[in-house]
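Coordinate analysis (summary)
In case you want the letters, here they are:
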Amino acid sequence: MLQTIAFDADDTLWENEQFYRLTEQEFRSLLSDHADGDHLSDRLLAAEKRNLKIYGFGIKGFVLSMIETAIEITDGQVPTETIAKILAIGRDLLGHPIELLEGAGDVLDTLAGSYSLMLITKGDLFDQERKIAQSGLAEKFAAVEIVPDKNAAVYRRIFAQRGAEPGCTAMVGNSLKSDIVPVLEVGAWGIFVPHALTWSLEHVEAPIDHDRFRQIENLKALPDLLSRIS
């Protein structure tokens, strides 16, 4: 039944959210004289949510949201030195080495002989291209798609352009909102691989009653699951 297996990238094939969390801790420390940590995190999350339609997903929008939050928290009195430090921790985040999740490469190698593999990731084009190149996984995919957001219309377009029949396609990812719910809407399979850290704006209720929804503990369980679906 299944012919094409599509994968998310961040926190599905390699670590991502944990580095954002560490950067946020540095941000909280920088502004600790102006507000308590939880309040800073709440204000930052509100700024990120507000700015998604302007900056999109990714590190650059995150850094701009940190600067905006710093200006708001200090009533416009944030020192230029603090702004410089925020830009510096943002640059560090952009340059962080890729850390593959356990078994990612081996699982892709196992599946390559039986399925057409596709990578579908969202975020800043430059940063995603950097991560894909550094991961060493790019050559394992027949197609790579970097999109500003993931929704049913985006998946429908990608599947049509790549000749992937939705009923014969599965999307594997850690975000119910971005990787699972939209592909179920277009008739594909959604395979949820939870990650210990998931951005709060990606949280939605799991569609556990959907007949094409599946959940596995980790990537290493994927080949066996696909063999049972197929």
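Here goes a summary of the coordinates provided. Keep in mind it's a predicted model, so treat the numbers as computed, not measured.

Here's the deal with the sheet that holds strand β6 (residues 213-215)
With respect to topology, six strands assemble into an open sheet ordered β3-β2-β1-β4-β5-β6, the strand pairing being parallel. Unpaired on one side and paired on the other, β3 (143-147) and β6 mark the two borders of the sheet. Strand-to-strand twist across the sheet, computed as the mean angle between neighbouring axes with direction ignored, equals 20°. Both strand β1 (residues 4-7) and strand β4 (residues 169-173) contribute to a ladder of four bridges, which runs parallel. Each bridged residue has a counterpart across the sheet, and for I5 the counterpart in β4 is A170. Those strands touched by helix α8 (residues 176-185) are β2 (116-122), β4, β5 (189-192) and β6, and its axis lies near 155° from that of β5.

Here's the deal with the pattern of salt bridges
Tallying each qualifying case throughout the model produces 18 salt bridges. A salt bridge links D127 to K131; its shortest N-O distance comes to 3.6 Å. In this pair, D127 and K131 both sit in helix α6 (residues 125-135), four residues apart, roughly one turn of the helix. Across the pair, K131 and D127 agree in class, each one buried. Connected via shared salt-bridge partners are D10, D127, R130 and K131.

What about the packing of helix α3 (residues 59-73) against helix α4 (residues 80-94)?
The contact between α3 and α4 brings their axes to 10 Å, and the two run at 160°. By the criterion of interaxial angle, the relationship of α3 to α4 is roughly antiparallel. Read as a crossing pair, α3 and α4 show a hand that is right-handed. Contacts from I59, F62, V63, M66, I67 and A70 of α3 reach α4 at I83, I86, L87, I89, G90, L93 and L94.

Focus: the packing of helix α1 (residues 17-30) against α4
It is the contact of α1 with α4, at a shortest axis distance of 10 Å, that shows an interaxial angle of 170°. One finds that α1 runs roughly antiparallel with respect to α4. For the pair α1 and α4, the contacting residues are F19, Y20, T23, E26, F27 and L30 in the first and T82, K85, I86, I89 and L93 in the second. Along the lines of polarity and charge, the residues of the contact of α1 with α4 split into seven nonpolar, two polar and two charged.

What about the nonpolar core?
The biggest cluster of nonpolar side chains holds 28 residues, and the ones touching the most others in it are I5, F7, L13, I191, L219 and L222. Elements with a contribution of two residues or more to this core: β1, α5 (104-112), β2, β4, β5 and α9 (222-229). When neighbours within four sequence positions are excluded, F7 is seen to be in contact with L13, L108, L111, L117, M118, L119, I120, F141, M171, V172, L219 and L222. Within the second largest apolar cluster, 19 residues are counted, among which are Y20, L31, A35 and L40.

Here's the deal with the packing of aromatic side chains
Enumeration over the complete set of coordinates arrives at three aromatic pairs. The ring centre of F57 lies 3.7 Å from the NZ or CZ of K122, which sits over that ring.

Section: a nonpolar patch on the surface
There is a patch of nonpolar side chains on the surface, built from I54, Y55 and L64 and spanning about 290 Å² of accessible area. For I54, the location among the structural elements is in helix α2 (residues 37-55).

Description of helix α7 (residues 152-161)
Taken together, the buried positions of α7 are occupied by A152, V154, Y155, I158 and F159. Along the axis of α7, the buried positions cluster into a sector of 160°, meaning they face one direction only. Those residues of α7 that are exposed and aimed more than 90 degrees away from the buried face are A160 and Q161. Tucked inside the fold, the buried residues of α7 contact β2, β3, β4 and α8. Backbone geometry just after α7 places G163 at a positive phi near 70°.

Here is what the cut-offs are and how they apply
All residue numbers refer to position in the chain's written sequence, counted from 1. Restriction of local features to residues with pLDDT of at least 70 applies here, the model being predicted, together with a cutoff of 80 or more for giving and counting side-chain atom pairs; totals for whole chains, interfaces and linings are based on all residues. Excluding hydrogens and water, the side-chain figures rest on all heavy atoms present in the structure. Only strands that DSSP links by at least two bridges are regarded as paired with each other. Put simply, DSSP H or I for four residues or longer makes a helix, DSSP E for two residues or longer makes a strand, and each gets a number counted from the N terminus. Note on geometry: axes are C-alpha line fits, over the in-contact stretch for helices, and angles between N-to-C directions span 0 to 180 degrees. In what follows, residue pairs with any heavy atoms lying within 4.5 Å of each other are defined as contacts. What makes a salt bridge here is a side-chain nitrogen of Lys or Arg within 4 Å of a carboxyl oxygen of Asp or Glu, nothing more. Burial here depends on accessible area, computed with a 1.4 Å probe over protein chains only, as a share of the maximum for the residue type. Under 20% is buried, over 50% is exposed, and the range in between is partly exposed. Throughout, the term roughly parallel applies to angles under 35 degrees, roughly antiparallel to angles over 145, roughly perpendicular to angles from 65 to 115, and oblique to all others. Two helices that cross are described as forming a left-handed crossing if the nearer one is turned anticlockwise from the farther one by less than a right angle, and a right-handed crossing if clockwise. Following the grouping adopted for this structure description, the nonpolar residues are Ala, Val, Leu, Ile, Met, Phe, Trp, Tyr, Cys and Pro, the charged ones are Asp, Glu, Lys and Arg, and the polar ones are all others, Gly among them. By nonpolar core is meant a set of buried Ala, Val, Leu, Ile, Met, Phe, Trp, Tyr and Cys residues that side-chain atoms within 4.5 Å join together. Aromatic pairs are defined between Phe, Tyr and Trp rings, using the six-membered ring for Trp, whenever the two ring centres lie within 6.5 Å; interplanar angles under 30 degrees are classed as stacked, those over 60 as edge-to-face, and all others as tilted. To sit over a ring, a charge needs its Lys NZ or Arg CZ within 6 Å of the ring centre and within 35 degrees of the ring normal. Two distance rules govern patches: like charges are joined within 9 Å, and nonpolar side chains (Val, Leu, Ile, Met, Phe, Trp, Tyr) within 5 Å, applied only to residues with over 30% relative accessible area and no salt bridge. For the accessible areas, the method is Shrake-Rupley and the probe is 1.4 Å, while residue cover comes only from the protein chains on display. What the arc describes is the spread of directions from the helix axis to the C-beta atoms.

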